[in-house]
Amino acid sequence: MNPLDKLNKYDKAYLRIAKEWGQLSYCQRKKVGAIIVKDKMIISDGYNGTPSGFENCCEDQDGLTKWYVLHAEANAILKVAKSTQSCDGATLYITMSPCKDCSKLIHQAGIIRVVYQNSYKDLEGIELLKRAGVEVIQVEDLSSVAYG
């Protein structure tokens with residue numbers, strides 16, 4: 001198996017895990033999951049939701065996302081910050097491309113690669129990451145790669 005095929009196989013597998021993790025979110029509008037991988041190990045995970053200790057309701061009475069809801073990648077990065085791990089050189093797998101605020105966090109955390117499935121409503125976050133030298137890859141089809 002050539003190295004690019006192997007990388008693609010792992011990218012899809014980690015994205016499937018991120019997608020599954022996103023299903024834990026209490027948010028109704030979007031369920032977003034994130035996994036941070038370093039040295040072939042998952043070092044963190046996250047999904048979008050309210051801060052610890054808050055009610056598990058992400059939308060207001062009009063169905064709009066409350067301003068204080070944390071995005072999946074922010075939750076995953078904050079989890080690493082509370083641990084002995086570091087995001088330096090890591091890959092972030094996320095089911096939706098990062099917004100511009102989360103892109104700043106991703107870059108500052110030392111994440112060097114972002115693999116995502118679906119595009120967010122604006123692509124400014126992706127543009128910021130590319131400008132910062134972060135490798136950004138979209139993988140829309142998560143079906144397994146058939147071999148042999």
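Before reading further, recall that the structure is shown in the block above.
The structure presented is a predicted model; accordingly, all values stated were derived computationally and were not measured.

**Q** Looking at this model, I keep getting lost on the packing of helix H2 (residues 72-81) against helix H3 (residues 100-109). Mind explaining?
**A** Axis angle and axis distance: for two packed helices, these are the angle between their axes and the distance between the axes, and together they describe the pair. Following both chains from N to C, one finds H2 and H3 inclined at 30°, their axes separated by 9 Å at the closest point. As judged from the angle between their axes, H2 and H3 are roughly parallel. The handedness of the crossing between H2 and H3 comes out as left-handed. Across the interface between the two elements, Glu-73, Ala-74 and Ile-77 from H2 touch Cys-102, Leu-105, Ile-106 and Ala-109 from H3. Taken together, the residues that form the contact of H2 with H3 break down as six nonpolar, no polar and one charged.

**Q** What am I meant to see in unusual backbone geometry here?
**A** Residues other than glycine predominantly adopt negative phi, and peptide bonds predominantly adopt the trans conformation. One non-glycine residue, Asp-39, lies in the positive phi region at around 50°. Positive phi, close to 65°, is recorded for Lys-40, a residue that is not glycine.

**Q** For this particular structure, what's the right way to read the state of the cysteines?
**A** Where two cysteines share a covalent bond between their sulfur atoms, that bond is called a disulfide. Counted by the stated rule, this structure contains one disulfide. With its sulfur 2.2 Å from that of its partner, Cys-27 forms a disulfide with Cys-58. Here Cys-27 and Cys-58 share a disulfide; its torsion about the S-S bond, -75°, makes the bridge left-handed. Taken as a pair, Cys-27 in the loop between helix H1 (3-22) and strand E1 (33-38) and Cys-58 in the loop between strand E2 (41-47) and H2 lie far apart in primary sequence, 31 residues in all. The burial state of Cys-27 is the same as that of Cys-58; both residues are buried. Sulfur of Cys-87: no disulfide; nearest cysteine sulfur belongs to Cys-102 and is 13 Å away. Counting only cysteine sulfurs, Cys-102 is the nearest neighbor of Cys-99, a cysteine outside any disulfide, at a range of 3.8 Å. Judged by relative accessible area, which is 9%, Cys-99 ranks as buried.

**Q** For this particular structure, what's the right way to read the sheet that holds E2?
**A** Strand pairs in the sheet, formed through backbone hydrogen bonds, run parallel or antiparallel to each other. The strand order across the open sheet formed by five strands is E2-E1-E3-E4-E5, and the pairing between neighbours is mixed. Both outer strands of the open sheet, E2 and strand E5 (135-138), are each paired with one neighbouring strand and no more. Across the sheet, the mean angle separating the axes of adjacent strands is 15° when strand polarity is ignored. By the bridge criterion, four bridges tie strand E4 (residues 113-118) to E5 in an arrangement that is parallel. Within E5, the position partnered with Arg-113 by the bridge is Glu-135.

What counts as what
- Residues numbered from 1 in each chain as written.
- Predicted model: local features only at pLDDT ≥ 70, side-chain atom pairs only at ≥ 80, totals over all residues.
- Heavy atoms only, no water.
- Axes fitted to C-alpha atoms, helices over the stretch in contact; angles between N-to-C directions.
- Helix = DSSP H or I, 4+ residues; strand = E, 2+ residues; numbered from the N terminus.
- Parallel < 35°, antiparallel > 145°, perpendicular 65-115°, else oblique.
- Left-handed = near helix turned anticlockwise from the far one by under 90°.
- Contact = heavy atoms within 4.5 Å.
- Nonpolar A, V, L, I, M, F, W, Y, C, P; charged D, E, K, R; others polar.
- Disulfide = S-S within 2.5 Å.
- Buried < 20%, exposed > 50% of the residue type's maximum accessible area, 1.4 Å probe, protein only.
- Pairing = 2+ DSSP bridges.

The values are spatial; any link to function lies outside them.
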